[in-house]
Amino acid sequence: MPNKISVLLVDDHSLVRRGFRRMLEDEPDISVAGEAGDGEEAIRLSEKLRPRVILMDCALPGMSGLDTTRRILEKLPDTIVLMLSMHTEETLVRQALESGARGYMLKNAIDLELGTAIRKVVAGEIVLDPQLSHPTALKGERDYGLTTRELEILQLIVDGKSNKEIAAQLKLSANTVAVHRANMMDALGIHKTAELVVYAIRNGCSLGSLNAFSQTSNAGFKLVDVTARAGLQFRHNSGAYGGKLLPETLGAGCAFLDYDRDGWQDILLLNGMDWPGRKRQRSTLRLYRNNRNGTFSDVTRSAGLDIEMYGMGIAVGDYNNDGYTDILITCVGQNRLFRNTGKGTFVDVTKATGLGGRSGFSTSALWFDFDRDGLLDLFICNYVKWSAEHDVFCSLDGKHKSYCTPEAYRGETCWLFHNRGNGTFEDVTATSGIFDSSSKSLGVAMLDYDQDGWPDLLVANDTQPNKLYRNLRNGTFKDVAVDAGIAFSAEGKARAGMGVDVADFDNSGAAGVAITNFDNEMIGLYRRSANGTYADVAAQSGVGLPSKDKLGFGCIFLDADLDGSPDLVSVNGHIDDTVRNVRNVGYAQPPQLFLNNGKGVFRDIASEIGPEFVQPKVGRGLAYGDFDGDGDLDILMTTNNGPAFLFRNDQLAGNRSIRVRLVGTKSNRDAIGASVRIFHGGTSQLRLVKGGSSYLSQSELPVTFGVGKRDRVDRLVIQWPNGRTEEYKDLATGRGYECVEEKGIEPLTTF
């Protein structure tokens, strides 16, 4: 046919491009002139090939599809662009049309006649996907990252049907079925049909069960914003004045802690400050004492913490084993250690403990006992080598200053300090094997990677490989992240790691890992295999695609609905409020709560658990704790240059929990590093007493197990940080327990 419509395919996934090419092969009047994987390549090929129509992916890496469209149409105004996207947001559709696109189609709705759409835009029509007029039609229909149509096809694939047979049954073309199959495999990170079938069977992918799970709206709990009624009057100050200084983008963290040892979780919120020479206001951290009635009192001044500093992260731990929680605050500049006097006040012991005289750009931190001597040691993450005097000029347009990415700065090593036991610390960064000046670290989590009873560390790095420091049990560590498969993405690239947490999310007995990343990178969700390596299962678990257009910071595993399976929460928000003009993503972004179906497969239910929680926020810090003593886990969240939020968890399904507070005697007093396991009805759950995790934040130290409707658990087994094991049988649920090392377990009057 002499006058075929030439088409250029632009998508960063080769599998998707291949699927569209196969679909268009059935169209006698359309030919595919070429393919491009990013915006720059699309511009080059459009000038070279002069296609009549460009099928443009909206969410390209680097230069977005919208910016690519604008640049192409500036040079080739007669070219027709048909935008393809996974998103139904009206704002994005409007931006696509304003950029010059002649149509907007949903990539996952491939039952559309793509050839017809191409012919319509060539004929001068504006083409919009039919589902855009009913955007809610897509909500609640996705699980495992798949549409209802894809679930139907997946079930038929499991039944052994061919593309031709599936097409006949569903009244589709064979090529359309092939494209659906390719999209599923791309979304799930699967490369062979056999793997697709195994995945489906392993996750119980019968059509009925999948649809039932995806359409369930009763989450069994709700999150209620109680910030104001609880008395938390706080606003973070980033110091931003227009100079676009790097620390202004990162926010600050938060913590649940029991600083007065009354059994109730108190709250600490960190704060920044104005830059020297730009003084406008005074801002300090805030310590709120729990009044035990759902409200808090601000005791910052009386506690001796009314001090200005550019605070970033927090680590909570009893470093001197006197029974009272001490506080380490990381800063831009000098970090600060505050010793708890046990009388409701804190004393700055930074210099006296040997931690003074070190200026840096520190972020997350944690206490842990790496040599198992019963004393908490200290690990501190550092981001990059930065100072206000040496701030790099970065610009998006060559004229106006913008916030730099970390590539503009040299990395910095993390620090490890060994507790001498006399109130001072020794810097063992170099001798321990931790020193690495290439790291750009934002998050750190403790885990027992090799299950030898000694604490290891996982560090999330921004644009550098993640680090997994294996404890060699002789005072030194070895980075095994590359061998373990957790240093890079599945494509072998270093991602922009922000927050990190660890948990046995599939109740396999081994801790998995979640790492939040930059937008267009997805959350990394790693499952540990028997041979000690990790596989990123984000795509096939249902976490990957929903998080791809988010920039994640804090993340926590917690059993939000108390059904016995850890769920995953992440808070999101971009680093620059001008990003919406450049990248077509929001500055404020909704947090996500991925509900675990008990098999390690998740679904984002944030929109189902309360209208306040899902509201877009510039999220940064995140922690959990049971502040109201009702046995479930509440959520504390910070935002950059904005308020903090406290969400109360209200159980609706009647599920129960059992909570355990550990007190070490020979082990460190907080029992950080202890593992606690419960056994009930032939199943088991594992929790780790840990500091750190998330992003710049720390959750409470007591551990919580959801047990559904069970009124008892068969066994509770504790492995203390020093290796000692204790076991207790036939414990009632619906209450809390305190276990003192070598002295037994006692029920508490409250949780």
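Preceding this section is the structure that the text describes.
A short tour of the structure in this document, coming up. Source: prediction; values computed, not measured.

Observations regarding the overall build of the protein
Piece 1. On a plain count of helices and strands, the protein comes out with 14 helices and 44 strands.
Piece 2. At 27 Å, the protein has a C-alpha radius of gyration in line with the 27 Å of a compact globule built from 751 residues.
Piece 3. Seen through its C-alpha atoms, the protein measures out along the principal axes to roughly 85 × 65 × 50 Å.
Piece 4. Scored against the burial criterion, the 751 residues of the protein give a buried share of 60%.
Piece 5. In the protein, the share of contacts with a sequence separation of at least 24, taken over all contacts with a separation of at least 6, comes to 61%.
Piece 6. Here the protein has roughly 27,900 Å² of accessible surface; of this, 48% comes from carbon and sulfur atoms.
Piece 7. When the 84 basic and 97 acidic side-chain charges of the protein are each reduced to a single mean position, those positions are 1 Å apart.

What to know about the sheet that holds strand β39 (residues 683-688)
Piece 1. An order of β39-β38-β41-β42 is seen for the four strands of this open sheet, with the pairing classed as antiparallel. The strands lining the two open edges of the sheet, one partner per strand, are β39 and β42 (725-732). Pairs of neighbouring strands in the sheet enclose a mean axial angle of 20°, with direction left out of account.
Piece 2. Sheet analysis places strand β38 (residues 675-680) next to strand β41 (residues 712-719), joined by five bridges and oriented antiparallel. Its bridge partner being in β41, Ile678 is matched across the sheet by Leu716.

Concerning the sheet that holds strand β2 (residues 30-36)
Whether parallel or antiparallel, the strands of a sheet pair through hydrogen bonds between backbone atoms.
Piece 1. Spatially, β2-β1-β3-β4-β5-β6 is the arrangement adopted by the six strands of the open sheet, whose pairing is parallel. Lying at the two open borders of the sheet, with one neighbouring strand each, are β2 and β6 (127-128).
Piece 2. In the sheet, strand β1 (residues 5-10) pairs with β2 via six bridges, with the strands oriented parallel. By the bridge assignment for β2, Val10 is matched with Ala36.
Piece 3. Contacts from helix α2 (residues 39-49) reach β1, β2 and β3 (53-57), with the element oriented near 140° to β2.
Piece 4. On the sheet, helix α5 (residues 114-122) packs against β1, β2, β3, β4 (80-85) and β6 and is oriented at approximately 145° with respect to β4.

Describing the nonpolar core
Piece 1. Counting 52 residues, the largest nonpolar core has Leu328, Trp367, Phe368, Phe379 and Leu662 as its most contacted members.
Piece 2. Mapping this core onto the domain boundaries places at least three of its residues in each of domain 3 (221-659) and domain 4 (660-689 + 699-747).
Piece 3. Residues contacting Leu328, with those up to four places away along its chain left out, are Gly313, Ile314, Ala315, Arg336, Leu337, Leu355, Ala365, Trp367, Leu378 and Ile380.
Piece 4. Grouped together as the second largest cluster of nonpolar side chains are 23 residues, Leu246, Cys404, Ala496 and Phe553 included.

With respect to the pattern of salt bridges
Piece 1. Per the counting criterion, the structure on display carries 36 salt bridges.
Piece 2. Glu47 serves as the salt-bridge partner of Lys75, at 3.0 Å between the closest nitrogen and oxygen. With Lys75 in helix α3 (residues 65-75) and Glu47 in helix α2, this pair connects stretches of sequence that are 28 residues apart.
Piece 3. Note on Glu47: relative accessible area 34%, which makes it partly exposed.
Piece 4. In this structure, Glu742 engages Lys666 in a salt bridge whose closest nitrogen and oxygen atoms are separated by 3.4 Å. A residue pair is termed long-range when its members are at least 10 positions apart, and Glu742 in the loop between β43 (735-740) and β44 (744-747) and Lys666 in the loop between β37 (656-663) and β38 qualify at 76 residues.
Piece 5. On the accessibility criterion, Glu742 (37% relative accessible area) is partly exposed.
Piece 6. A relative accessible area of 55% places Lys666 in the exposed class.

Considering unusual backbone geometry
Piece 1. Although it is not a glycine, Gln451 sits at a positive phi angle of roughly 55°.
Piece 2. Tracing the sequence through the fold places Gln451 in the loop between β22 (441-447) and β23 (456-461).
Piece 3. Relative accessible area serves as the criterion here: at 46%, Gln451 is assigned to the partly exposed category.
Piece 4. Of note in this structure, Ser693 is not a glycine but carries a positive phi near 70°.
Piece 5. Take Ser693: it is sitting in the loop between β39 and β40 (703-708).
Piece 6. Residue Ser693 is classed as buried on the basis of its relative accessible area of 5%.

Overview of the pairing of β44
Piece 1. The sheet contact formed by β43 and β44 spans four bridges and is antiparallel. Each residue of the ladder has a partner; that of Val740, found in β44, is Gly744.
Piece 2. Following β43, the chain reverses through three residues before pairing antiparallel with β44; Glu742 in that reversal takes a positive phi of roughly 70°.

A closer look at helix α1 (residues 14-24)
Since one α-helical turn is 3.6 residues long, residues separated by three or four positions face the same way.
Piece 1. Of all the positions in α1, only Val16, Arg17, Gly19, Phe20, Met23 and Leu24 are classed as buried. Angularly, the buried residues of α1 cover 160° about the axis, an arc narrow enough to put them on a single face.

Side note on the packing of α1 against α5
Piece 1. Running from amino to carboxyl end, α1 crosses α5 at an angle of 80°, the nearest separation of the two axes being 9 Å. As judged from the angle between their axes, α1 and α5 are roughly perpendicular. Of the residues in α5, those in contact with Phe20, Met23 and Leu24 of α1 are Leu114, Gly115 and Ile118.
Piece 2. In terms of residue class, the contact of α1 with α5 is built from five nonpolar, one polar and no charged.

Calculation notes
- Residues numbered from 1 in each chain as written.
- Predicted model: local features only at pLDDT ≥ 70, side-chain atom pairs only at ≥ 80, totals over all residues.
- Heavy atoms only, no water.
- Helix = DSSP H or I, 4+ residues; strand = E, 2+ residues; numbered from the N terminus.
- Rg over C-alpha atoms; globule rule 2.2 N^0.38 Å.
- Buried < 20%, exposed > 50% of the residue type's maximum accessible area, 1.4 Å probe, protein only.
- Contact = heavy atoms within 4.5 Å.
- Areas by Shrake-Rupley, 256 points an atom, 1.4 Å probe, with all protein chains shown as cover.
- Lys, Arg positive; Asp, Glu negative; His and termini not counted.
- Charge placed at Lys NZ, Arg CZ, Asp CG, Glu CD.
- Pairing = 2+ DSSP bridges.
- Axes fitted to C-alpha atoms, helices over the stretch in contact; angles between N-to-C directions.
- Core = buried A, V, L, I, M, F, W, Y, C linked by side-chain atoms within 4.5 Å.
- Domains from an automatic or database assignment.
- Salt bridge = Lys/Arg side-chain N within 4 Å of Asp/Glu carboxyl O.
- Arc of directions from axis to C-beta.
- Parallel < 35°, antiparallel > 145°, perpendicular 65-115°, else oblique.
- Nonpolar A, V, L, I, M, F, W, Y, C, P; charged D, E, K, R; others polar.

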